Amino acid sequence: MQLTDAEIRQILIREKRRKRRRQQMRRRRTVLVILLLIIAVIVAVRYAGSKETPPAAEPSRGVVFIDPGHGGEDPGSDNGARYEKDDTLKLALAVRDQLEKANFTVVMSRTEDVAVERAARGQMANENGAKLMVSIHRNKADGAGQGVEAFIPVANTPESQLLAGNIVRSLAAQGFTERTVRAGTLQSELENYEELAVATMPCCIVEVGFLDNVDDNALFDNNLEANAKAICEAIDQAFISLYEPEKLQTEEEAQTEEAPAEAPAEG
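Residues numbered from 1 in each chain as written. Predicted model: local features only at pLDDT ≥ 70, side-chain atom pairs only at ≥ 80, totals over all residues. Heavy atoms only, no water.

S.K.: Explanation requested: the packing of aromatic side chains in the structure shown.
M.R.: Two measures describe an aromatic ring pair: the distance that separates the ring centres and the angle between the ring planes. Under the criterion given, the structure shown has 3 aromatic pairs. The interplanar angle of 50 degrees and the centroid separation of 5.0 Å between the aromatic rings of phenylalanine 239 and tyrosine 243 together place this pair among those described as tilted. Of the two residues, phenylalanine 239 and tyrosine 243 are both situated in helix α7 (residues 224-243); the distance of 4 residues between them amounts to about one turn of the helix. Through a chain of ring-to-ring contacts, the aromatic side chains of Phe104, Phe239 and Tyr243 assemble into a single cluster. Between arginine 138 and the ring centre of phenylalanine 220, over which it is positioned, the NZ or CZ distance is 4.5 Å. (Phe/Tyr/Trp six-rings, centres within 6.5 Å; stacked < 30°, edge-to-face > 60°. Helix = DSSP H or I, 4+ residues; strand = E, 2+ residues; numbered from the N terminus. Lys NZ or Arg CZ within 6 Å of the ring centre and 35° of its normal.)

See the structure below:
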């Protein structure tokens, strides 16, 4: 079949367009390669001139599991339009950010408003090799309660006591009324909350103030980042005590050196 002049012109036009596109792609690749080479040269010159080596990422100190209580169709406690599941997620995400700055690997049971079975949370902590687990909740007592408290498994191990006690005291330092660390559940000292029953590492549930207390809500809302930092520091100190004893010894020695010498007693 013989092509018409018009068809031939269309073929030639399409071929020119394809050739132009190929040329543009080659030019773009060339520009990209040149830019990458320039960046590589700049980096090499910088570190060669300063005799520095590029900083290497520090290895993770370990896994910490953070569990924002409730979620999805399980709202937890409420105070009008305010739901426990929203507060716990907000604070847990802030705690995660602080822990990552402290060089921990953080695994969370949820990072959005979804339901997770309570026992599955403890199992997730186990499967991810968590060294510590903290489940964040908020309390409610029909306007009759105030402050921060924590629950640990009925085994009441010193390790879980240490973790929970650190967090309660750290949050009390932010203005919350300090309550207690309790083994078991609110209803029974012989039963465990499901997530704690499954977890095999030091763990606790921390109740960060009462949802139906005006003062606790103000402390929660107005001091969110400081509260997250306080929880992070409490976890950090527990981790050092349990898994980094050499660091604990170094800190104690430094404190001893910085302590002022006692004045000699007068004769």
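Now that the structure has been shown, the text picks up again.
S.K.: Teacher, can you tell me more about the nonpolar core here?
M.R.: In globular proteins that are soluble, nonpolar side chains generally tend to be buried together. Formed by 35 residues in total, the largest nonpolar core has its most connected members in Ile66, Ile167 and Ile235. Contributing elements (two or more residues each) for this core: β1 (63-68), α2 (84-101), β4 (105-108), β5 (132-139), β6 (148-152), α4 (158-172), β8 (203-210) and α7. With 9 residues, α7 is the single largest residue contributor to this core. Setting aside its immediate chain neighbours within four residues, isoleucine 167 contacts Val134, Cys204, Val206, Ile231, Ala234 and Ile235. By size, the runner-up hydrophobic cluster in this structure holds 13 residues, among which are Val63, Phe151, Leu196 and Cys203. (Core = buried A, V, L, I, M, F, W, Y, C linked by side-chain atoms within 4.5 Å. Buried < 20%, exposed > 50% of the residue type's maximum accessible area, 1.4 Å probe, protein only. Contact = heavy atoms within 4.5 Å.)

S.K.: Any chance you could explain the sheet that holds strand β7 (residues 178-183) here in plain terms?
M.R.: Strand pairing in a sheet relies on backbone hydrogen bonds, with the paired strands running either antiparallel or parallel. The mixed open sheet is built from 6 strands, whose spatial order is β4-β1-β5-β8-β6-β7. A strand with exactly one partner marks an edge of an open sheet, and here the two such strands are β4 and β7. The mean angle between the axes of side-by-side strands here comes to 20 degrees, regardless of whether they run parallel or antiparallel. Two elements, β1 and β5, share 5 bridges in a ladder whose sense is parallel. Across the sheet, the residue bridging to proline 68 is isoleucine 136, located in β5. On the sheet, α2 packs against β1, β4, β5 and β8 and is oriented at approximately 145 degrees with respect to β5. (Pairing = 2+ DSSP bridges. Axes fitted to C-alpha atoms, helices over the stretch in contact; angles between N-to-C directions.)

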